Amino acid sequence: MTTPDLDHIGGHPGDGPGDDRLVTQIRVAEVAAAAARSTPGVAHLQQGLWGLVQQLGAEAWTRVTGRPRPDTAGTEVAVRVDPVTGAVTVTVDVMLVVDGRRPAAVVAGDVQRRIGGAVYAAFGVAPGRVSVHITDVAVPG
Amino acid sequence: MAVNELGDHLRQGHPLPCGRLVEDVFDDLDRGRIDDHGRTCVHCATARRSLTTLMEATRALVDDPAEPPPNLLDRIMQAVRAEGRRGEALPLVPIDDTGAAVVPDLGPVDISRQAVAAVVRYAADTVDGVRARSCRVTVDDADVGALRIEMTLSLRYGAGPANELVETVRARIGSALHGQVGVRAGAVDLEIVDVWPEEGP
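A quick note: this is a predicted structure, and the numbers were derived from the prediction, not measured.

Reading guide: rules and limits
- Residues numbered from 1 in each chain as written.
- Chains lettered and ligands numbered in written order.
- Predicted model: local features only at pLDDT ≥ 70, side-chain atom pairs only at ≥ 80, totals over all residues.
- Heavy atoms only, no water.
- Contact = heavy atoms within 4.5 Å.
- Buried area = accessible area lost by both parts, 1.4 Å probe.
- Salt bridge = Lys/Arg side-chain N within 4 Å of Asp/Glu carboxyl O.
- Polar contact = N/O pair within 3.5 Å; in protein donor to acceptor, adjacent residues only side chain to side chain.
- Helix = DSSP H or I, 4+ residues; strand = E, 2+ residues; numbered from the N terminus.
- Nonpolar A, V, L, I, M, F, W, Y, C, P; charged D, E, K, R; others polar.
- Pairing = 2+ DSSP bridges.
- Core = buried A, V, L, I, M, F, W, Y, C linked by side-chain atoms within 4.5 Å.
- Buried < 20%, exposed > 50% of the residue type's maximum accessible area, 1.4 Å probe, protein only.
- Right-handed = clockwise from strand over helix to strand, strands pointing away.
- 1 Å grid on protein atoms, 1.4 Å probe; cavity = no way out; pocket = protein on both sides within 12 Å on 5 of 7 lines; lining within 4 Å.
- Points joined across faces, edges and corners; volume = space filled by probe spheres on them.

Chemist: So what exactly am I meant to see when it comes to the interface of chain A and chain B here?
Modeler: Interfaces are often sized by the amount of accessible area the parts lose when they come together. Chain A puts 47 residues into the contact, and the matching count from chain B is 55 residues. In this assembly, chain A packs against chain B so that about 4300 Å² is buried in total across both faces, 62% of it on carbon and sulfur atoms. Along the contact surface separating chain A from chain B lie one salt bridge. Ionic pairing is found between D97(B) and R102(A), a salt bridge with its closest N-O pair at 3.2 Å. The interface formed by chain A and chain B includes 14 residue pairs in polar contact (both at pLDDT 80 or more). Elements that contribute at least two residues to the side of chain A that touches chain B include exactly α1 (19-37), α2 (49-65), β2 (75-81), β3 (88-98), α3 (104-123) and β4 (129-137) of chain A. In terms of residues, the side of chain A that touches chain B owes the most to one element, α2(A), which gives 11 residues. Residues that form the side of chain A that touches chain B fall into these classes: 22 nonpolar, 14 polar and 11 charged. In terms of strand pairing, β4(A) meets strand β2 (residues 109-112) of chain B through three bridges, oriented parallel. Bridging across to β2(B), I134(A) finds its partner in I111(B).

Chemist: Help me out: how do you make sense of the nonpolar core in this one?
Modeler: One broad trend across soluble globular proteins is that nonpolar side chains are buried collectively. Residues I115(A) and I111(B) are the most contacted members of the largest nonpolar core, which totals 62 residues. By residue number, the principal contributor to this core is α3(A), which donates nine residues. Non-local contacts of I111(B), meaning those with residues more than four positions away in its chain, are made with A104(A), I134(A), V137(A), E88(B), A89(B), L90(B), L92(B), V116(B) and V181(B).

Chemist: For this particular structure, what's the right way to read the pattern of salt bridges?
Modeler: It is possible for side chains of opposite charge to pair when their charged atoms get near one another. Taken as a whole, this structure holds 18 salt bridges over all chains when the rule is applied. Measuring nitrogen to oxygen at the nearest pair gives 3.2 Å for the salt bridge that ties D99(A) to R101(A). D28(B) serves as the salt-bridge partner of R33(B), at 2.7 Å between the closest nitrogen and oxygen. Given the relative accessible area of 16%, D28(B) is considered buried. Through salt bridges with shared partners, a single network forms among R102(A), D110(A), R113(A) and D97(B).

Chemist: What's the story with the pairing of β3(A) in this structure? I'm lost.
Modeler: Looking along a regular strand, one sees side chains alternate from face to face of the sheet. All names here are of chain A. Among the 11 residues in β3, nine count as buried, and that is most of the element. Sheet topology places strand β1 (residues 42-45) next to β3; three bridges connect them, and they run antiparallel. Of the residues in β3, the one forming a bridge with H44 is V97. Relative to β3, β2 is paired through seven bridges, and the arrangement is antiparallel. Paired with E76 across the strands is D93, a residue of β3. Joining the antiparallel neighbours β2 and β3 is a turn of six residues, in which G86 adopts a positive phi near 80 degrees. Pairing of β3 with β4, which is carried by eight bridges, proceeds in the parallel orientation. Counterpart to L96 in the pairing with β4 is I134. With α3 bridging β3 and the parallel β4, this β-α-β connection has right-handed handedness.

Chemist: Is there a simple way to think about empty space enclosed by the protein in this case?
Modeler: Once rolled over the atoms, a probe with the size of a water molecule shows which space is left empty. All names here are of chain B. Applying the stated rule across the entire model yields two cavities of 30 Å³ or more. Within this model, the largest cavity holds a volume of roughly 60 Å³. Every residue along the wall of the largest cavity is listed here: R20, V25, D28, L29, R33, I34, D35, G38, C44 and R48. Only α2 (22-31) and α4 (42-62) provide two or more residues apiece to the lining of the largest cavity. By residue number, the principal contributor to the lining of the largest cavity is α2, which donates three residues. Partitioned by chemical class, the residues of the lining of the largest cavity number four nonpolar, one polar and five charged.

Fair warning: the whole summary comes from geometry, so function is off the table for now.
As structure tokens, this is what we get:
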């Protein structure tokens, strides 16, 4: 398994030592969300209750601190590092609405491939699992 | 159900790469205590710094006179609806443009039952003289990979022979499932439960 140096993953300039690791999940989620949003047939990403709580918190954080947080709505990422081997496991869950112009099953397959490719290109780690949950199909009216 | 799911999520906590939960680090910070692991672990140190900033920001927020976003209620309702729909999902096999299953398997895909029902109902409503009433979508146990549809219909009197209208509805449901969802229609059970009079000029 690929074992990239996490210190090279994401992070803001000026963050303290180790902050890179803490922000990794947000960085992966940002890349995954962008990849999903850019997939033809995706109307928008849809967050659940927990995602909304996170987003409202992020908005308040930005308002108070002036530091922006990336838009990761609808995307949940888990990054695990094996403490012994250092092996990295990334899993992505994305919840979205499709526009109905392409079959949802095709859109879902494209979303999985795009997220996998984008995360690998950005961080050198292929997600072990990309789960796609389609909550709605945008039908006219 | 949605509240339970949220509760489950919160109970699981948020593990740091070292295995300790962010919630435990916060608890220690709040109580002003620190153990040997916390003193030497870079992950816990990072979490403490971030949590300290968060606590400062939280204090600032308490005094923040900002009004809630104007679309907050909409966002909450969308999130509640999405959460509920996520729990009522049907498995979906991801396919490519040729209809072949995506290889390798990158993970599970599902679609909410209500989303599929909306597609099916819309397909039925496109037939002149037909209105969809109730709609139930389930996995067709007798046809692997297909969905079973049970729908009741209302017909307009004079719109045409009922059996022809029903067959048109059946065909459109099949097309919609294939074209918008990417699955086959298995058994499609249609029942006419009402007839409404043709409106005058």
